[in-house]
Amino acid sequence: MNPHLARKILAFARLMIQRVSLAYVVQGVYNWCRTQRGLRMKLGVPKARQQYLHRPPAMMIGMINQVWTVRGWLSQPQGVPCRA
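As recorded in an unreviewed UniProt entry, the chain goes by Transposase and comes from Deinococcus aerolatus.

Chemist: Explain the side chain of Q36 to me, please; I cannot follow it from the model alone.
Modeler: Inspection of the secondary structure puts Q36 in strand 1 (residues 36-47). Residue Q36 is classed as buried on the basis of its relative accessible area, which comes to 16%. A polar atom in the side chain of Q36 sits 3.2 Å from the backbone oxygen of R34. The residues contacting Q36, other than those within four sequence positions of it, are Y30, R55 and P57.

Chemist: Quick question: what am I supposed to make of the packing of aromatic side chains here?
Modeler: The relative placement of two aromatic rings is captured by the distance of their centres and the angle of their planes. Summed over the entire model, instances satisfying the criterion amount to one aromatic pair. Where W32 meets W68, the ring centres are 5.3 Å apart and the plane angle is 40 degrees; that geometry is what we call tilted. In this pair, W32 sits in helix 1 (residues 16-32) while W68 sits in the loop between helix 2 (57-60) and helix 3 (70-74), placing the two residues 36 residues apart along the sequence. In this structure, R40 packs its charged tip against the face of Y52, placed 4.0 Å from the ring centre.

Chemist: How do you make sense of the nonpolar core when you look at a structure like this?
Modeler: The nonpolar side chains of soluble globular proteins are, as a tendency, buried together. Counting residues in hydrophobic clusters, the biggest one holds seven residues: V29, W32, C33, A58, M59, I64 and W73. Looking at this core, the elements that each hand over two or more residues are helix 1 and helix 2. Not counting chain neighbours up to four residues away, the residues in contact with I64 comprise W32, P56, A58 and M59.

Chemist: Is there a simple way to explain the pairing of strand 1 in this structure?
Modeler: In the case of a regular strand, side chains alternate between the two sheet surfaces. As defined by bridge partners, strand 1 adjoins strand 2 (residues 50-55) across four bridges and the pair is classed as antiparallel. Its bridge partner being in strand 2, Q36 is matched across the sheet by R55. Where strand 1 folds back onto strand 2 in an antiparallel hairpin, the turn is made up of two residues, including A48, whose phi is positive at roughly 55 degrees.

Chemist: Could you clarify how one ought to interpret the confidence of the model for the chain in this entry?
Modeler: Any region with low pLDDT has predicted coordinates that should not be read closely. Averaged over all residues, the pLDDT of the chain equals 79, while 77% of them reach at least 70. Highest mean pLDDT in the chain belongs to helix 2 (88); lowest belongs to helix 1 (84).

Chemist: Would you take a moment to explain the side chain of R55 for this structure?
Modeler: As for its position among the elements, R55 is in strand 2. At 2.8 Å, the side chain of R55 forms a polar contact with the backbone oxygen of L39. Setting aside its immediate chain neighbours within four residues, R55 contacts T35, Q36, L39, R40, M41 and M60.

Thresholds, definitions, all that
- Residues numbered from 1 in each chain as written.
- Predicted model: local features only at pLDDT ≥ 70, side-chain atom pairs only at ≥ 80, totals over all residues.
- Heavy atoms only, no water.
- Helix = DSSP H or I, 4+ residues; strand = E, 2+ residues; numbered from the N terminus.
- Buried < 20%, exposed > 50% of the residue type's maximum accessible area, 1.4 Å probe, protein only.
- Polar contact = N/O pair within 3.5 Å; in protein donor to acceptor, adjacent residues only side chain to side chain.
- Contact = heavy atoms within 4.5 Å.
- Phe/Tyr/Trp six-rings, centres within 6.5 Å; stacked < 30°, edge-to-face > 60°.
- Lys NZ or Arg CZ within 6 Å of the ring centre and 35° of its normal.
- Core = buried A, V, L, I, M, F, W, Y, C linked by side-chain atoms within 4.5 Å.
- Pairing = 2+ DSSP bridges.
- pLDDT = per-residue confidence, 0-100.

As structure tokens, then:
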């Protein structure tokens, strides 16, 4: 998902701060905004043709109730990650 880490591509991140920032963005979009087919749950009562509820990892562990948009996720205040 992160083309900045691939070789021989025009999209590149030279500075470490850019690489770390891009890694956090990619990780956040993956966990909060993108549904994962392996985490789907069969609905008890299907809605029209929809038989499964597709969920991102954050929804699976109960942190959110609905899939977020990227714009909605980026508009939330983000804490500074701790380094242990």
